[in-house]
Amino acid sequence: MAKLFSPITIGPHTYANRIAIAPMAQYSADDGSMTDWHLIHLGALATSGAGLVMIEATSVEPMGRCSLGDPGLYNNENEAALCRVIEAMRRYTPVKVGIQLSHGGRKGSTALHWLGGQPLSTADGGWENLAPSALPFGTWPTPKAADAEDLERLVPAFADSARRAARAGVDLIELHAAHGYLLHQFLSPISNERTDAFGGSLENRMRLPLRVFEAVRDAAPGVTLGVRLTASDWIDGGITPDEAVAFAQKLEAAGCHYVDVTSGGIDPRQKIAVGPGYQVSFAHTVKQKTNLVVRAVGLIVAPEQAEEIVASGKADLVAIARAALANPRWPWEAAHVLGAPIEIPPQYQRASSSAWPGWTILAPKEAAE
Ligand SMILES: Cc1cc2nc3c(=O)[nH]c(=O)nc-3n(C[C@H](O)[C@H](O)[C@H](O)COP(=O)(O)O)c2cc1C
C-alpha cells in the first residue's frame, strides 16, 4: 500500500491521505470576498481526491492584500462568502479544507498577476504598505515601518480572521510566514532592521510571528494549526535552515501541529537552486529536528516522487500546486500509478473503467451520505 495514500492525523483531525493541494492565489475576489470563481476552482479541487485542499492566502486586513483581487477575512461579507465556498466543497465530498491567513506587508498593493503584478498606484486603487522597517522590496515603493499602534492592531486582526475561519467551518488554519510576506518580513534580517523588541536577534524577529500564532491558536480551538515557513532566503545575510529549525521548535512548543517548509521571496536578488523537489531537503531537516508533522512542497510533480518523499520519511505529506492546476485530478492519477485505492464522488465513478483500466476506487462512504 502506498504511504502517500495512508491517512494522517494532524492535530485534532485525520486526513484521508498525504496529498495537500497547496494554497494558490486566484486574484478573483471582489472587495475581499470570494466569488463564483472560488466556487468552481475550489469545487473542482474538492473532487480531486486530495486529503486536504488549501484555500489561498487570505488577508487579515484590507491593506494586507497583495492585490485588489485577493480575498480577505475581515468583515461579515468576506465570512459569508467563505462559508458559501466551504459548504459547496463539503456538501458533495469528504474533503478537508484549510485556509491560509496572510498579510502581504511590503509586497501588498500590486496589480493582478496576469496584469504584471507590479506595484499599484494610489490612482489605480493602491495604498501605502506596512512592513517591519522602511525597506522596499527591490525597486518597489518604500513601505511604512510598523509603529506600536500597527503592531497592536495586527495580532488581534489575525485572531479575528481565525475566529471567522473557524466559524465558517475550516478544518485547518495555516499562517503564511514565507514567500516574503509580512510575518516572513519580521523573521528575516533582510527586511527587518528594527532596533526594538521585534528586530535584531532571532528571538526578537520571531516575537511578532509567535504572538500571532498564539493569538490564532487561542481564537480557533479545535482546528489543525500550521505555519508555512521559509528555510532559506537564498541570499547572504538571510534566513538559514538553522533559523527555520529554531522557529519550528518554538512553534512546536506553542502548540503548532505542522509546518510547510518552503523558501524564497524576500528579496529579488535571491539565487534559488530550482529543480525537482528542491525544497524537500529543508523539510527533512525540520522533520529530523522537531516532532512536528512536516509538509514538503516545490516541484513535486510525479506520483513516484511524492511517494518516495513520504515513504522515506523526508516529510509526512506533500503539497502540490502547479501540477494540480494542470491536472486537478492529480491524486486520482497518483492513486492509479501507485496502485492505491481512492475514494471518488459517486457522480464520477464511471470514470474508473474508461480512463485507467484496473484502477481501484472505493465505495464513497461519506460522499454518499
Ligand atoms: C497560481 C499560484 C498562486 C500561488 N499562491 C500562493 C498563496 O496564496 N500562498 C502561498 O503560500 N503560496 C502560493 N503559491 C506557491 C505554491 O503554494 C507553491 O508553494 C509553489 O507553487 C511551489 O509548488 P509547485 O512546484 O507544486 O507549484 C502560489 C503558486 C501559484 C502557481
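Named according to an unreviewed UniProt entry, the chain is NADH:flavin oxidoreductase/NADH oxidase originating from Microvirga brassicacearum. In its Cofactor (unreviewed entry) section, the UniProt entry covering the chain states "FMN".

Peer 1: Hey, could you run me through the site of the ligand in this one?
Peer 2: Surrounding the ligand, one finds 16 residues, the nearest of these being Ala25, Gln100, Arg228, Leu299 and Arg322. At 2.7 Å from a nitrogen atom of the ligand is found a side-chain nitrogen or oxygen belonging to glutamine 100. A distance of 2.7 Å separates an oxygen atom of the ligand from a polar side-chain atom of arginine 228. Calculation on the ligand without its partners gives an accessible area of 610 Å², and the protein chains cover 82% of this total. Split into classes, the residues belonging to the shell around the ligand amount to nine nonpolar, four polar and three charged.

Peer 1: For this particular structure, what's the right way to read empty space enclosed by the protein?
Peer 2: It is the rolling of a water-molecule-sized probe over the atoms that shows where space remains empty. Counted by the stated rule, this structure contains two cavities of 30 Å³ or more. Considered as a void within the structure, the largest cavity measures approximately 60 Å³ in volume. Looking at the largest cavity, the residues that line it are Ala177, Leu187, Leu202, Leu229, Thr230, Ile239, Glu243, Ala244 and Phe247. At the level of secondary structure, the elements contributing two or more residues to the lining of the largest cavity comprise strand S9 (224-230) and helix H6 (241-253). It is H6 that provides the largest number of residues to the lining of the largest cavity, a total of three residues. Classifying every residue of the lining of the largest cavity gives seven nonpolar, one polar and one charged. Estimates place the volume of the second largest cavity at around 40 Å³. Contributing to the lining of the second largest cavity are Ile21, Ala22, Met24, Gln26, His41, Leu42, Leu45, Met54 and Glu56.

Peer 1: Got a minute to help me understand the side chain of threonine 58 in this structure?
Peer 2: Turning to its location among the elements, threonine 58 is positioned in strand S4 (residues 52-59). Ignoring anything within four residues of it in the chain, the contact list for threonine 58 reads Met34, Pro71, Gly72, Leu73, Ile99, Gln100, Leu101 and Ser102.

Calculation notes
- Residues numbered from 1 in each chain as written.
- Predicted model: local features only at pLDDT ≥ 70, side-chain atom pairs only at ≥ 80, totals over all residues.
- Heavy atoms only, no water.
- UniProt positions renumbered as here; feature names shortened; annotations may be inferred.
- Near = heavy atom within 4 Å.
- Polar contact = N/O pair within 3.5 Å; in protein donor to acceptor, adjacent residues only side chain to side chain.
- Areas by Shrake-Rupley, 256 points an atom, 1.4 Å probe, with all protein chains shown as cover.
- Nonpolar A, V, L, I, M, F, W, Y, C, P; charged D, E, K, R; others polar.
- 1 Å grid on protein atoms, 1.4 Å probe; cavity = no way out; pocket = protein on both sides within 12 Å on 5 of 7 lines; lining within 4 Å.
- Points joined across faces, edges and corners; volume = space filled by probe spheres on them.
- Helix = DSSP H or I, 4+ residues; strand = E, 2+ residues; numbered from the N terminus.
- Contact = heavy atoms within 4.5 Å.

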